[in-house]
Amino acid sequence: MPTIRVQIRAPEIEAKRISEVLERAFEDEGNPVTVYETKADGSEWAAEILLFDMAAEEAADCVRDRVGSDAFAAPVEAEELPEENWVEKSLEGLKPVRAGRFFVHGSHDRDKRPANALAIEVEAALAFGTGHHGTTAGCLMELDRLLDRRSYSRVLDLGTGTGVLGIGIAMKTRRPVIATDIDPIATETAAENSRKNGVGALVTCFTAAGVDDRRFADYGPFDLVVANILAKPLVRMAAPVSRRMRREATLVLSGLRIEDGPRIISAYGMQGFRLVRRRAIEGWLTLVLTRGRIGA
Ligand SMILES: C[S@@+](CC[C@H](N)C(=O)[O-])C[C@H]1O[C@@H](n2cnc3c(N)ncnc32)[C@H](O)[C@@H]1O
């Protein structure tokens, strides 16, 4: 599967704007978008997106087509990357992340675990969730806070990726968690990470798109659901996810840009949920909503 890097070089502000345009344009597919300095003095930056399974020229055209009226003046350059594990490569050397009582780290940073932390070891893998992204960190912080305040008996981590959130919940509560993902590589990774982190017996992983699978009925109804997906699928899943939840329940939603907040609040508001907290990290929004008599 050829990986094509499409890069647009521009001054910092423009490059950051372009990266946001790219993220929005490829929101449904979730292609990785990054923005970084290309010159040490900060005079040039690049916004970059990875596309798969197409030729370089086609990838450049695809980017130009998708950005439509948001087209940018800077030239679009595309090149095929040599066969490598680009997800792993781009995550190499990441530093540990502290989010509430959680400390997410790779095996190379095991010796840095603070004594009082709940340390989650996650390697850069073909699944999302090393704790570095604002959405994962936001969820971990809100989960840490919520789990200090009350106990939950049926918990679902929907779109588990590496399993980082489900593992964190299981570590903190020592209770069962269901962790699911549309991507079988993610669920395999999450199951393996759960075992490595000593919560394999508590975290049940399975592959499913959304929550239609009948196993959700067996394990639910849930009183806590965390879903770090994207705004569009979360809006689409508002009714089915809510149906899998108890009347008194808490939802932690992320994967949202700041501007997505109102449509998410409105979609879940129609299912009886109200917003109790919001946290923004680097432009990414995490929302906590509750239904019934549960407070923040
Ligand atoms: C942004 S990652 C979040 C990973 C991890 N939970 C975290 O917080 O870092 C989103 C995950 O949701 C999964 N996903 C996307 N759409 C989904 C759907 N309809 N049903 C279940 N999982 C989905 C993706 O495969 C991906 O692993």
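Residues numbered from 1 in each chain as written. Predicted model: local features only at pLDDT ≥ 70, side-chain atom pairs only at ≥ 80, totals over all residues. Heavy atoms only, no water.

The protein is annotated in an unreviewed UniProt entry as Ribosomal protein L11 methyltransferase from Stappia albiluteola. UniProt's Catalytic activity (unreviewed entry) comment on the protein is quoted here verbatim: "L-lysyl-[protein] + 3 S-adenosyl-L-methionine = N(6),N(6),N(6)-trimethyl-L-lysyl-[protein] + 3 S-adenosyl-L-homocysteine + 3 H(+)". According to the UniProt record, the Sequence similarities (unreviewed entry) comment for the protein reads "Belongs to the methyltransferase superfamily. PrmA family." (UniProt positions renumbered as here; feature names shortened; annotations may be inferred.)

Q: Residue-level account of the packing of helix α4 (residues 134–149) against helix α5 (residues 164–173), with values.
A: Contact geometry for α4 and α5: axes closest at 10 Å, N-to-C directions at 20 degrees. Relative to α5, the element α4 lies roughly parallel. In the packing of α4 onto α5, the handedness of the crossing is right-handed. Along its contact with α4, which presents T136, C139, L140, L143, D144, L147 and D148, the element α5 presents V164, L165, I169, K172 and T173. Here the contact of α4 with α5 is built from residues that sort into seven nonpolar, two polar and three charged. (Axes fitted to C-alpha atoms, helices over the stretch in contact; angles between N-to-C directions. Helix = DSSP H or I, 4+ residues; strand = E, 2+ residues; numbered from the N terminus. Parallel < 35°, antiparallel > 145°, perpendicular 65-115°, else oblique. Left-handed = near helix turned anticlockwise from the far one by under 90°. Contact = heavy atoms within 4.5 Å. Nonpolar A, V, L, I, M, F, W, Y, C, P; charged D, E, K, R; others polar.)

Q: Report on the pattern of salt bridges, specifying residues and quantitative values.
A: Summed over all chains, the structure comprises 21 salt bridges. Across the salt bridge formed by E121 and R110, the nearest N and O atoms sit 2.7 Å from each other. One end of the pair, E121, is in strand β7 (residues 118–121); the other, R110, is in the loop between β6 (102–105) and β7, and 11 residues separate them in sequence. K172 is the partner of D148 in a salt bridge, and the nearest nitrogen-oxygen pair spans 2.7 Å. Residue D148 is found in helix α4, and its partner K172 is found in helix α5; the two are separated by 24 residues along the sequence. For D148, a relative accessible area of 54% gives the class exposed. (Salt bridge = Lys/Arg side-chain N within 4 Å of Asp/Glu carboxyl O. Buried < 20%, exposed > 50% of the residue type's maximum accessible area, 1.4 Å probe, protein only.)

Q: A description of the packing of aromatic side chains should follow, citing residues and the corresponding values.
A: Under the counting rule described, the total for this entry stands at two aromatic pairs. When the ring of F206 is compared with that of Y219, the centres are 6.0 Å apart and the planes differ by 25 degrees; the resulting orientation is stacked. Here the residue F206 occupies a position in strand β10 (residues 203–207), and Y219 occupies one in helix α7 (residues 215–219), the gap between them amounting to 13 residues. According to the relative accessible area criterion, F206 is buried, its value standing at 6%. Cluster of aromatic residues (ring-pair linked, three or more members): F206, F216 and Y219. Residue placement shows R66 over the ring face of F26; its charged tip is 4.6 Å from the ring centre. Taking NZ or CZ as reference, R257 lies 4.2 Å from the ring centre of W284, over its face. (Phe/Tyr/Trp six-rings, centres within 6.5 Å; stacked < 30°, edge-to-face > 60°. Lys NZ or Arg CZ within 6 Å of the ring centre and 35° of its normal.)

Q: Got a sec to walk through the domain arrangement of the protein? Specific residues and values, please.
A: Looking at the assigned domains, one finds that the protein contains domain 1 (3–83) and domain 2 (128–291). Just the C-alpha atoms count here: the centres of domain 1 and domain 2 sit 30 Å apart. Opposite the five residues of domain 1 that make contact, domain 2 presents seven residues. Buried surface at the junction of domain 1 and domain 2, summed over both partners, amounts to about 480 Å²; 39% is from carbon and sulfur atoms. Taken as a group, E23, E27 and D28 account for 77% of the area that domain 1 buries against domain 2, more than any other trio of residues on that side. Where domain 1 packs against domain 2, one counts two salt bridges. (Domains from an automatic or database assignment. Buried area = accessible area lost by both parts, 1.4 Å probe.)

Q: Break down the site of the ligand for me, citing the residues and quoting the values.
A: The full set close to the ligand counts 17 residues, and T136, G159, D181, G210 and N228 are the nearest of them. Measuring from an oxygen atom of the ligand, one finds a side-chain N or O atom of D181 at 2.6 Å. Taking I182, its main chain carries an N or O atom lying 3.2 Å from a nitrogen atom of the ligand. In isolation the ligand exposes 600 Å². Once the protein is present, 84% of that is buried. Here the shell around the ligand is composed, by residue class, of eight nonpolar, seven polar and two charged. (Near = heavy atom within 4 Å. Polar contact = N/O pair within 3.5 Å; in protein donor to acceptor, adjacent residues only side chain to side chain. Areas by Shrake-Rupley, 256 points an atom, 1.4 Å probe, with all protein chains shown as cover.)

Q: Go over the nonpolar core, please, and point to the residues and values.
A: Counting residues in hydrophobic clusters, the biggest one holds 28 residues, and the most contacted among them are I120, L140, L224 and V252. Looking at this core, the elements that each hand over two or more residues are β6, β7, α4, α5, β9 (177–181) and β11 (222–228). When residues in this core are grouped by element, the largest group, six residues, is from α5. Residue contacts for L140: discarding those within four places in its chain leaves A99, F102, V104, I120, V164 and L165. (Core = buried A, V, L, I, M, F, W, Y, C linked by side-chain atoms within 4.5 Å.)

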